[in-house]
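# Results of the structural survey
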Amino acid sequence: MEITDVIKKKKASRAAVHALTALYGLVCLWLFYRQSTADLTVAGPIPFESDLPLHISMIIEDGWYYSFTAYAYRLLYVLFGGTTAGIALFLGICAWATVYLTERLVCRLGKYGERSWFTLSLALSLNFVMPVYIRAVGEYRYVSYQSGNIWHNSTYICMRLAALAVLCVYFRLEEKYREGITWKDWTVFALLNVLCTGIKPSFLLVFSPVMGIFLLVDLFKRVPLKRILAFGSALLPSGLVILWQNFVLFGEKTGNGVEFRPWYTFALHANITKLAVLCSLLFCASTVVFTLKKLMKDKKYLFITVMAVLGFGEALCLVESGSRAADGNFLWGYSFCLFVLFAVCAVKWLEFKGKGLQKLLRIGLGLVYAWHLYCGLYFFIHLAAGASYWMK
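Summarised in this report is the structure supplied together with it. These numbers were taken from a predicted model, which means no experiment stands behind them.

Calculation rules
- Residues numbered from 1 in each chain as written.
- Predicted model: local features only at pLDDT ≥ 70, side-chain atom pairs only at ≥ 80, totals over all residues.
- Heavy atoms only, no water.
- Helix = DSSP H or I, 4+ residues; strand = E, 2+ residues; numbered from the N terminus.
- Buried < 20%, exposed > 50% of the residue type's maximum accessible area, 1.4 Å probe, protein only.
- Phe/Tyr/Trp six-rings, centres within 6.5 Å; stacked < 30°, edge-to-face > 60°.
- Lys NZ or Arg CZ within 6 Å of the ring centre and 35° of its normal.
- Salt bridge = Lys/Arg side-chain N within 4 Å of Asp/Glu carboxyl O.
- Axes fitted to C-alpha atoms, helices over the stretch in contact; angles between N-to-C directions.
- Parallel < 35°, antiparallel > 145°, perpendicular 65-115°, else oblique.
- Left-handed = near helix turned anticlockwise from the far one by under 90°.
- Contact = heavy atoms within 4.5 Å.
- Nonpolar A, V, L, I, M, F, W, Y, C, P; charged D, E, K, R; others polar.

## A short note on unusual backbone geometry
You will see that Phe48, though not glycine, has its phi angle at about 55 degrees, which is positive. Considering the arrangement of structural elements, one finds Phe48 in the loop between helix 1 (3-36) and helix 2 (52-60). In the Ramachandran plot, Trp263 falls in the positive-phi region, its phi being about 70 degrees despite a non-glycine side chain. Note on placement: Trp263 falls in the loop between strand 1 (257-260) and helix 11 (273-280). With relative accessibility at 28%, the residue Trp263 sits in the partly exposed group.

## A short note on the packing of aromatic side chains
Per the stated rule, a full pass over the model turns up 41 aromatic pairs. Each ring, one from Phe283 and one from Phe342, has its centre 6.0 Å from the other, and the planes form 15 degrees; the classification is stacked. With Phe283 in helix 12 (residues 282-290) and Phe342 in helix 15 (residues 331-350), this pair connects stretches of sequence that are 59 residues apart. Here Phe283 and Phe342 have matching classes, each one buried. If you follow Arg261 out to its NZ or CZ, it ends over the ring of Tyr264, 4.0 Å from the centre. If you follow Lys294 out to its NZ or CZ, it ends over the ring of Phe352, 5.7 Å from the centre.

## Considerations on the pattern of salt bridges
Within the structure shown, the criterion is met by 13 salt bridges. As a salt-bridge pair, Arg172 and Asp185 come within 3.6 Å of each other at their nearest N and O atoms. On the criterion of sequence distance, the pair formed by Arg172 in helix 6 (residues 154-174) and Asp185 in helix 7 (residues 183-199) is long-range, its members being 13 residues apart. On the accessibility criterion, Asp185 (9% relative accessible area) is buried. Between Arg178 and Glu174 there is a salt bridge whose closest N-O contact spans 2.5 Å. The partly exposed category is assigned to Arg178, whose relative accessible area is 25%. A residue is classified by how much of its surface remains accessible, and Glu174, at 11% relative accessible area, is buried. Here the salt bridges do not stand alone but share partners, grouping Glu174, Arg178, Asp218 and Lys299 into one network.

## Let's talk about the packing of helix 8 (residues 202-220) against helix 14 (residues 299-317)
Packed helices, taken two at a time, are described by their axes: the angle between them and the distance between them. Where helix 8 contacts helix 14, the two axes come as close as 9 Å, and the packing angle between them is 135 degrees. Put simply, helix 8 runs oblique to helix 14. Note that helix 8 runs across helix 14; the crossing there is right-handed. Residues Phe203, Leu205, Val206, Phe207, Pro209, Val210, Met211, Phe214 and Asp218 of helix 8 form the contact with helix 14, whose participating residues are Lys299, Leu302, Phe303, Val306, Met307, Leu310, Gly311 and Glu314. Within the contact of helix 8 with helix 14, the residues separate by chemical class into 13 nonpolar, 1 polar and 3 charged.

Right, dumping it as structure tokens:
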């Protein structure tokens, strides 16, 4: 086969995956529009039940602006003639774009050289993986477990897209900040953090402490303090956003606060809580166990894993008091951590060679990944057909 034929075949394969990604975006557009118009007051099972109508109502009817998405939703609601079509379109684009930012992250985490049909296929699959579902462990496919792929919460959908951009830029700058970063780099990184935090503060709560730890380690390795301060200071503007959100969400008049209640959130809807946690990251936990040597040598892999551990700790121990006690709002940061942990673990899984024990591990982990993927596809297809995110 000639080189030109190989190139044409690669282009055709990538075009096919582009088409599948576009189809996913269109299905998401349909799903989000139906969610946005769902009647949450009907008795019994609610078709297309989600948080989206509540988010829209809080903005349009109550005027409660707790997130940057509120301003976007208000504008889109007006531009589209007082309908929710613009909001659904915006969320559909976010879901579609997330696949491409996932691919960018995958390429940064692995040694793929260039983007191809394979990297885009892997990214698309990562946008479907969900917890391994075992009814005896947790009755509800999503609510009983923890997942990085969530289609019922609009602020998480937007936050995940922005958080992926932050992480990609961070990994790029981390490789060169010791020689200095430009004002343009600093500004882009700072603004992305502000945007992400303004949408939902959950990402900053799991990202900034780990970035701080890694910068502290670099300080002990005699990286110039001025370089560390220049890089780390890009997070400071996000702190101002956190203060604003803290006032809106936890001000004196809200009656809400934060409590230390280990296992409370995880145990709300699971039958066997600890097994539900394991089922949520079975592929990731297995991969980490079999790649411990790589974990300690690969800074990106280690960064994401430490971030996931911190996210788990926050979700495990912290609970909002007051009216939002059962909402599990400290899960969102952990959900994003699971999403990127699946990404880096998928990259490490594919690095196993096709010989001997490594071949067996590659096959075994592949079967576990396929199980996660099947559960996610099953859940998404039923959501698009009208099921509630409380489906069993």
